[in-house]
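Descriptive analysis of the structure
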Amino acid sequence: MNPTVAFLRRILPTAGLYAAARKVGNGFPAVVCDSIDEVAMRVLDYDQQGITAYHACAAFLEREVESVNAKGEKYMQARVQRNVRSLRSFFMDLDVAAGDPNKFSSQSEACDELWRFCKETGLPMPNILVGSGYGVHCYYTLVTEVQRETWKPVADGLKLLCSKYKFRADPACTGDAARILRSVGTFNRKDPQNPRPVEIIMEGPDLEFADFQAAVTTALKACGEKLTEAVHKVTVATDAINQEFAVTHDFPPCSARKVADRCPQLAKMRDTRGNISE
């Protein structure tokens, strides 16, 4: 199976509308797709044209809904949180920017800190890690999809845990049901002369939603928080922020294939495909 199709089938719901997006100037216009295969076709087509490509991490209800911009002007869009139908994964974006205290200095540091975060919170390691060219995308993929209303409190709980444990995952990403991320099988072209592949570093079996929800709930309780309160304690990215989302840093190059080689814990998980004892 095509790696892009296989990846998208792991992280996306089996039903609904989907979205593929591309970078145009400072914007990320999205195209609504009727199937996961169509999303894969579009992102690969964009990539072959030398255009940076993304997938939306959710399935949507309608092809477009009405929104209002800061000037009070109405416009139509699909990729907005209130239009999300369901999700089949939780996700974190680990950005790399040397010298930025809010980000990681390298992919290796990001993976080391991810291991620390999971060990301290008691959460499982994400079952898919993607080298995004420079950073790392972490996915907790689920056996079955969940509705946005069910997904949101757990996602915000995960976001709150990142803050509590000083884990520098991008706070705008984790609780954003309409988030776009780079697709496996495409290239990161921040350096046009040296495009870097977006590829899976390691993967393991899907999780049951109830098990992951319980793990997040237990971790929150250990630091004096409750899952139902998490949504009120985090800053949720607005629709306007989603539209303004842009990359503003030049990152140092790093080979995703070598990340696991430099991190013994991830190497073991890679080599055993996640089948290791606690």
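For the structure itself, consult the block above.
Here's what I pulled together on the structure shown here. (Residues numbered from 1 in each chain as written. Predicted model: local features only at pLDDT ≥ 70, side-chain atom pairs only at ≥ 80, totals over all residues. Heavy atoms only, no water.)

Things to note about unusual backbone geometry
The following threshold applies: Helical segments are the DSSP runs of H or I of at least four residues, strand segments are the runs of E of at least two, and each set is numbered from the N terminus. Throughout this description, buried means an accessible area under 20% of the type-specific maximum (1.4 Å probe, protein chains only), exposed means over 50%, and partly exposed covers the range between.
The residue Lys-166 is not glycine, and still its phi comes out positive at about 55°. In this fold, Lys-166 is placed in the loop between helix H4 (148-164) and helix H5 (171-174). Here Lys-166 falls in the exposed class, since its relative accessible area comes to 67%.

As for the pairing of strand E5 (residues 65-68)
Basically, it comes down to this: Here the rule is simple: two strands pair whenever DSSP picks up at least two bridges between them.
Residues Val-65 and Ser-67 line the buried face of E5, whereas the alternating positions Glu-66 and Val-68 sit on a face that is not buried. Pairing geometry for E5 and strand E6 (residues 74-77), over four bridges, is antiparallel. By the bridge assignment, Val-68 is partnered in E6 with Lys-74. Between E5 and E6, which pair antiparallel and follow one another directly, the connecting turn spans five residues, one of which, Gly-72, has a positive phi of 85°.

Overview of the sheet that holds strand E3 (residues 53-56)
In a beta sheet, neighbouring strands pair by backbone hydrogen bonds and run either parallel or antiparallel. This is how the line gets drawn: Between N-to-C directions, angles span 0 to 180 degrees; the directions come from axes that are lines fitted to C-alpha atoms, helices contributing only their stretch in contact. Contacts: residue pairs with any heavy atoms within 4.5 Å of one another.
The strand order across the open sheet formed by four strands is E2-E1-E3-E10, and the pairing between neighbours is antiparallel. In the strand order of this sheet, the two ends are held by strand E2 (30-33) and strand E10 (180-182), each with one partner. Sheet twist, expressed as the mean angle between neighbouring strand axes with direction ignored, is 30°. In this structure, strand E1 (residues 18-22) lies alongside E2, joined through four bridges in antiparallel fashion. Residue pairing across strands places Ala-21 opposite Ala-30, the latter belonging to E2. Sitting on the sheet, helix H2 (residues 36-48) touches E1, E2 and E3, and the angle it makes with E1 is about 5°.

Notes on the pattern of salt bridges
Applicable threshold: Any carboxyl oxygen of Asp or Glu within 4 Å of a side-chain nitrogen of Lys or Arg constitutes a salt bridge here.
Inspection of the entire model under this criterion finds 16 salt bridges. A salt bridge links Glu-203 to Arg-10; the nearest nitrogen and oxygen atoms lie 3.1 Å apart. Within this pair, whereas Glu-203 is found in strand E13 (residues 199-203), its partner Arg-10 is found in helix H1 (residues 3-11), the two being separated by 193 residues in sequence. Among the ionic pairs, Arg-179 bridges to Asp-176, the shortest N-O distance being 3.2 Å. We classify Arg-179 as buried; its relative accessible area is 3%. Given a relative accessible area of 0%, Asp-176 falls into the buried group.

What about the packing of H1 against H2?
For any two helices packed against each other, the geometry comes down to the angle between their axes and how far apart the axes lie. Selection rule: We call two directions roughly parallel when the angle between them is under 35 degrees, roughly antiparallel when it is over 145, roughly perpendicular when it lies between 65 and 115, and oblique otherwise. Crossings are assigned a handedness: left-handed for a near helix turned anticlockwise from the far helix by less than a right angle, right-handed for a clockwise turn.
For the pair H1 and H2, the least separation of the axes is 9 Å and the interaxial angle reads 130°. Taken as axis vectors, H1 and H2 run oblique relative to one another. Once H1 is placed against H2, the crossing between them reads as right-handed. In this structure, H1 uses Thr-4, Val-5, Leu-8 and Arg-9 to contact H2, whose residues at the interface are Ile-36, Asp-37, Val-39, Ala-40, Val-43 and Leu-44.

Thoughts on H2
As a reminder of what qualifies: An expected span of 1.5 Å times one less than the residue number is assigned to each helix.
The end-to-end C-alpha distance of H2 is 18 Å, a good match for the 18 Å that 13 residues give at a rise of 1.5 Å each. Residues of H2 that are buried: Ile-36, Glu-38, Val-39, Ala-40, Val-43, Leu-44, Tyr-46 and Asp-47. Each element contacted by the buried residues of H2 is listed here: H1, E1, E2, E3 and strand E11 (187-188). Directly beyond the C-terminal end of H2, a positive phi value near 80° is found at Gly-50.

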